[in-house]
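Descriptive analysis of the structure
Here's the letter readout for the chains.
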Amino acid sequence: MTTDLVLETLDSAIAAFPKREGLILHPDLGSQYTSNVYENRIKEVGIRHYFSKKDLPHDNAGTQSFHITLKKEEVYQQENQSYTDYN
């Protein structure tokens, strides 16, 4: 995953859900989410950026649970050759 990909996803979400008052984004600590470019874009559109503390998965239990459910029920059920297959 690249910064450009997450910026594109962010822009799609912003277009689909223009009301952002009080919105908090809770990503993992991946370099694409901690990049200056991404941080600046989040601030520009008025979204609060929240990170869990490193090595404390219980601080992020809800997000982790959602991701594993998504993977089990959607991602792992399909045979895709590349990321472009999802488009």
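Residues numbered from 1 in each chain as written. Predicted model: local features only at pLDDT ≥ 70, side-chain atom pairs only at ≥ 80, totals over all residues. Heavy atoms only, no water.

Turning to the pattern of salt bridges, a few remarks are in order. Should their charged atoms come close, side chains of opposite charge can pair. What the rule picks out here adds up to two salt bridges. When the shortest N-O distance is used, the salt bridge between Arg41 and Asp11 registers 2.7 Å. With a gap of 30 residues between them, Arg41 in helix H3 (residues 36–44) and Asp11 in helix H1 (residues 3–16) connect regions that are remote in the sequence. The partner of Arg41 in a salt bridge is Glu44, and the shortest N-O contact between them spans 2.5 Å. Note that Arg41 and Glu44 are positioned in helix H3 at a spacing of three residues, about one turn of the helix. Judged by its relative accessible area of 61%, Glu44 is exposed. (Salt bridge = Lys/Arg side-chain N within 4 Å of Asp/Glu carboxyl O. Helix = DSSP H or I, 4+ residues; strand = E, 2+ residues; numbered from the N terminus. Buried < 20%, exposed > 50% of the residue type's maximum accessible area, 1.4 Å probe, protein only.)

Here we come to the packing of aromatic side chains. For the structure on display, the rule yields one aromatic pair. Here Tyr33 and Tyr38 contribute two aromatic rings whose centre-to-centre distance is 5.5 Å and whose plane-to-plane angle is 75 degrees, an arrangement assigned as edge-to-face. Take Tyr33: its relative accessible area is 15%, and that puts it in the buried class. (Phe/Tyr/Trp six-rings, centres within 6.5 Å; stacked < 30°, edge-to-face > 60°.)

So, on to the side chain of His49. The topology assignment puts His49 in strand E2 (residues 48–49). For His49, a relative accessible area of 17% translates into the label buried. Discounting residues that sit within four places of it in the chain, His49 has contacts with Leu25, Pro27, Tyr33, Tyr38, Glu39 and Ile42. (Contact = heavy atoms within 4.5 Å.)

So, about the nonpolar core. Nonpolar side chains in soluble globular proteins tend to be buried together. If you look at the biggest cluster of nonpolar residues, it comprises nine residues: Val6, Leu7, Leu10, Ile14, Tyr33, Tyr38, Ile42, Val45 and Ile47. Where this core is concerned, the elements lending two or more residues are H1 and H3. Looking at this core element by element, the count peaks at four residues for H1. Setting aside anything within four residues of it in sequence, one finds Ile42 in contact with Leu10, Leu25, Ile47 and His49. (Core = buried A, V, L, I, M, F, W, Y, C linked by side-chain atoms within 4.5 Å.)

With that out of the way, let us pick up H3. Those residues of H3 that sit buried are Tyr38, Glu39 and Ile42. Across the axial projection of H3, the buried residues extend over an arc of 100 degrees, all falling on one side. Away from its buried face, by an angle of more than 90 degrees, H3 presents the exposed residues Asn36, Val37 and Glu44. If you follow the buried residues of H3, they end up packed against H1, strand E1 (24–25), helix H2 (31–34) and E2. Trailing H3 by a residue or two, Gly46 shows a phi angle of about 80 degrees, which is positive. (Arc of directions from axis to C-beta.)

The analysis is restricted to geometry; functional conclusions fall outside its scope.
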